[in-house]
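Listed here are the chains, written in short residue letters.
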Amino acid sequence: MSLEQINNLSEFEDLINTSDAYYVLDFYADWCGPCKIMLPIFERLSKMPEVATFKFAKINRDENMEIIQKYGFDIPSIPRFFVVKFNGNGQFDKVNIKGNLGGSQSKTDLIMKLHEIAKEDGVVLPNTSPNYQEPEVISDENLKVAIIGSGPSGLTAGIYTSRANLDTTIYTGTQPGGQLTTTTEIENFPGAWSTETKQGMMGPDLMELVQKQAEHFGAKIKIAEVTGLRVRTENDKPKFDITVNGKDESFDAVIIATGAAARYLGIPDEERFVGKGYHSCATCDGFFYRGKEVAIVGGGDSAMEEANFLTKFADKVYIIHRRDEFRASKIMQERAMKNPKIEIIWDTVITKFHGEESLEKVSLENLKTNETSEMKLDGVFVAIGHIPNSGFVENLLDRDNVGYLIPQYRVAPDQRVSSYGMATKIPGIFVAGDVEDTIYKQAITAAGDGCRAAMDAEKWLEEAHN
Ligand code: NAP
């Protein structure tokens, strides 16, 4: 039971020729925040007797495209875990890929999935219990706070609540580290700046650092998605049951910091192309477009930043924007406009995607002249804003017409039900960050929000439990 590193095609082919074991392969990249968060979980998994039948290996995706292409691993995003079966006879093809376990998830989920794969293959795992549960560290003494979300707001809230001696659990959601893990350099987060290189920090590195800071003070990180939240009363005090992996876990207060998810264009048939030429995250998927022609849709800071980033790989990057001016900040616009690989297509929208297996071309319409045309493209990236991740509480809390949760500071003073600015209408549930921020949406404002929500939660708990 150990974790190996496969460094190149020849080492992979040595395994194909010599090993007859099941392997779980972790495709990662050095710059990828969720990969860094998953690595310790993968390391722990590799030492567990429950899955001793499997061997575990890491493969740096960026350095091993040869393996990926030659053996048909489908990796739309990272980290990505595959179970493969080697036969020791040099024969390895897609049939030997027994399972694609997807990306970020909890150790318990990974164990469950390995059980399923083994069972389908008729393999009996030693010391197995299909109902395996990760042991919980539960403090009886401290009040328990659940923080839902692990971007700047959730992690900052975690630093504050754990330093306040509250038993804190941070549920990461499907994108550990939040949206900053899909961005490149952050130049405007105070303090995250090198006086030597005159550069900011990479988004994933910044989030990894803040997570470590929260863990240092005792916050527990759980890589899991919260799908429900209910309120009940126990001993005359409110209790909050949150649903994770189909089971409920109880807390004394909850901070919702679930952020926002990328908005797609909403044109017919677009879902068919997601991950197959149509993407929402240039930093995650731009790598696949080396030497290709791509377009980015949008006119905000994200579009400018991502267009510049894409020129590292693509030969040509078009920015397709529906108006004749950008809303992006001047400095970001200038960088994009000065980049010789970038061409701007003004007043234009994409009306249709075309392609068999993956995207081949798009239909365009000029909104000023109504002229239509077609354009061959290898990839399209959208950067047209985000939708708040608030669906899981739509029946419990008030949301505005876009879906933003409404904290008390946004409620008219005469209609407020709590004096705590980050409180919702339900005492004990607080909100922070992009899931409620309709205006600023910056990493630093999200972090500030997390601090405010945590301080409000701490004071409210003191009142409610004394
Ligand atoms: P944004 O500022 O809201 O811009 C969205 C862009 O998408 C707009 O240009 C909008 O066009 C366009 N758009 C919206 N719906 C569309 C549709 N259906 N079809 C075509 N185009 C559509 O979003 P963002 O760029 O993601 O930025 C969000 C926030 O994050 C901003 O506050 C921004 O400053 C910040 N941010 C900062 C940095 C940085 O400083 N490093 C980087 C990224 C983001 P219109 O202009 O015509 O409305």
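Residues numbered from 1 in each chain as written. Predicted model: local features only at pLDDT ≥ 70, side-chain atom pairs only at ≥ 80, totals over all residues. Heavy atoms only, no water.

### A word on the confidence of the model for the protein chain
Test applied: The quantity known as pLDDT measures the predictor's confidence residue by residue, on a range of 0 to 100. Between two residues, a contact is recorded if the distance between any of their heavy atoms is within 4.5 Å.
Scored by pLDDT, the protein chain has a mean of 90; 95% of the residues are at 70 or more. Every residue in residues 134-140 scores below 50 in pLDDT, and together they form eight contacts with partners more than four places removed in sequence or on other chains.

### Comments concerning the site of the ligand
What counts, and what does not: The near set for a molecule or strand comprises every residue that places at least one heavy atom within 4 Å of it. In the analysis that follows, any N or O atom pair within 3.5 Å is treated as a polar contact, provided that within protein one partner can donate a hydrogen and the other can accept it, and provided that, for residues neighboring in sequence, both atoms belong to side chains. Put simply, DSSP H or I for four residues or longer makes a helix, DSSP E for two residues or longer makes a strand, and each gets a number counted from the N terminus. Think of it as three bins: nonpolar holds Ala, Val, Leu, Ile, Met, Phe, Trp, Tyr, Cys and Pro, charged holds Asp, Glu, Lys and Arg, and polar takes everything else, Gly as well.
Lining the immediate environment of the ligand, one finds 20 residues, of which Gly 299, Asp 301, Ser 302, Arg 323 and Arg 327 sit closest. Contacts to the ligand include Gly 300, whose backbone N or O atom sits 3.4 Å from an oxygen atom. The contact in question runs from an oxygen atom of the ligand to an N or O atom on the side chain of Arg 327, over 2.6 Å. Top element by residues in the shell around the ligand is helix α8 (residues 301-310). It accounts for three residues. By residue class, the composition of the shell around the ligand is six nonpolar, eight polar and six charged.

### With respect to unusual backbone geometry
Which entries qualify depends on this criterion: Each residue is assigned to one of three classes by its accessible area relative to the maximum for its type, calculated with a 1.4 Å probe on protein chains only: buried under 20%, partly exposed between the two thresholds, exposed over 50%.
The phi torsion at Asp 269 lies on the positive side, around 70°, for a residue other than glycine. Along the chain, the position of Asp 269 falls in the loop between β16 (260-262) and β17 (278-279). Using a relative accessible area of 38% as the deciding quantity, one classes Asp 269 as partly exposed. Positioned with a positive phi, Lys 441 is a non-glycine residue whose angle comes to about 55°.

### Structural notes on empty space enclosed by the protein
Worth spelling out the cut-off: Cavities and pockets are defined on a 1 Å grid built over the protein atoms alone: a cavity is a set of grid points where a 1.4 Å probe fits but cannot escape, while a pocket is an open set with protein on both sides within 12 Å along at least five of seven lines, and lining residues are those with an atom within 4 Å of any such point. Grid points are joined across faces, edges and corners, and a volume is the space filled by probe spheres set on the points.
On inspection of all chains with the given rule, the structure shows one cavity of 30 Å³ or more. Estimated volume of the largest cavity: approximately 40 Å³. Taken together, Thr 182, Thr 183, Thr 184, Ala 282, Thr 283, Glu 305, Glu 306 and Phe 309 form the lining of the largest cavity. Put simply, the parts of the chain that give the lining of the largest cavity at least two residues each are α7 (282-285) and α8. For the lining of the largest cavity, a count of residues per class yields two nonpolar, four polar and two charged.

### Thoughts on the sheet that holds β17
Which entries qualify depends on this criterion: Being paired, for any two strands, means DSSP has found at least two bridges between them. Axis definition: a line fitted to C-alpha atoms, over the contacting stretch in the case of helices. Angles run 0 to 180 degrees between N-to-C directions.
Read from one edge to the other, the open sheet built from five strands follows the order β17-β24-β18-β19-β20, with strand pairing classed as parallel. With partners counted over all chains shown, the strands left at the sheet margins are β17 and β20 (342-345), one partner each. Packing of α8 onto the sheet brings it into contact with β18 (293-297), β19 (316-320), β20 and β24 (379-382), and relative to β18 it is tilted by some 170°.

### What to know about the side chain of Ser 19
Its location among the elements puts Ser 19 in the loop between α1 (9-18) and β2 (22-28). At a separation of 3.1 Å, a polar atom in the side chain of Ser 19 contacts the main-chain amide nitrogen of Ala 21. With residues up to four places along the chain from it excluded, the contact list for Ser 19 reads Asp 14, Phe 86, Asn 87 and Gly 88.

### Describing the sheet that holds strand β9 (residues 193-194)
In spatial order, the strands read β8-β10-β9; together these three strands make up an open sheet with antiparallel pairing. The open sheet has two edge strands, β8 (185-186) and β9, and neither has a second partner. Note: β8 against strand β10 (residues 199-202), two bridges, orientation antiparallel. Pairing of Glu 185 across the sheet is with Met 202, part of β10. Across the sheet, helix α6 (residues 203-216) touches β8 and β10, and the angle it forms with β10 is around 70°.

### A short note on the packing of aromatic side chains
To be explicit about the condition: Put simply, two rings from Phe, Tyr or Trp (the six-membered ring, in Trp's case) pair if the centres are within 6.5 Å, and we call them stacked under 30 degrees between planes, edge-to-face over 60, tilted for the rest. We call a charge positioned over a ring when the NZ of a Lys or the CZ of an Arg lies within 6 Å of the ring centre and within 35 degrees of the ring normal.
All chains considered together, the criterion is met by 24 aromatic pairs. When the centroid spacing of 5.3 Å and the interplanar angle of 50° are considered together, the rings of Phe 12 and Tyr 71 count as tilted. Placement of the pair is Phe 12 in helix α1 and Tyr 71 in helix α3 (residues 65-71), with a sequence separation of 59 residues. Comparing Phe 12 with Tyr 71, the two get one shared label, buried. Feature note: the residues Phe 12, Tyr 23, Phe 27, Tyr 71, Phe 73, Phe 82, Phe 86 and Phe 92 constitute an aromatic cluster, connected by ring pairs. Over the ring of Phe 251 we find Lys 144, and its NZ or CZ is 5.0 Å from the ring centre. For Arg 163, the ring lying beneath its charged end belongs to Phe 217, and the centroid distance is 5.3 Å.

### Quick look at the environment of Lys 107
If you trace the backbone, Lys 107 turns up in helix α4 (residues 107-120). When its relative accessible area of 8% is taken as the criterion, Lys 107 is described as buried.

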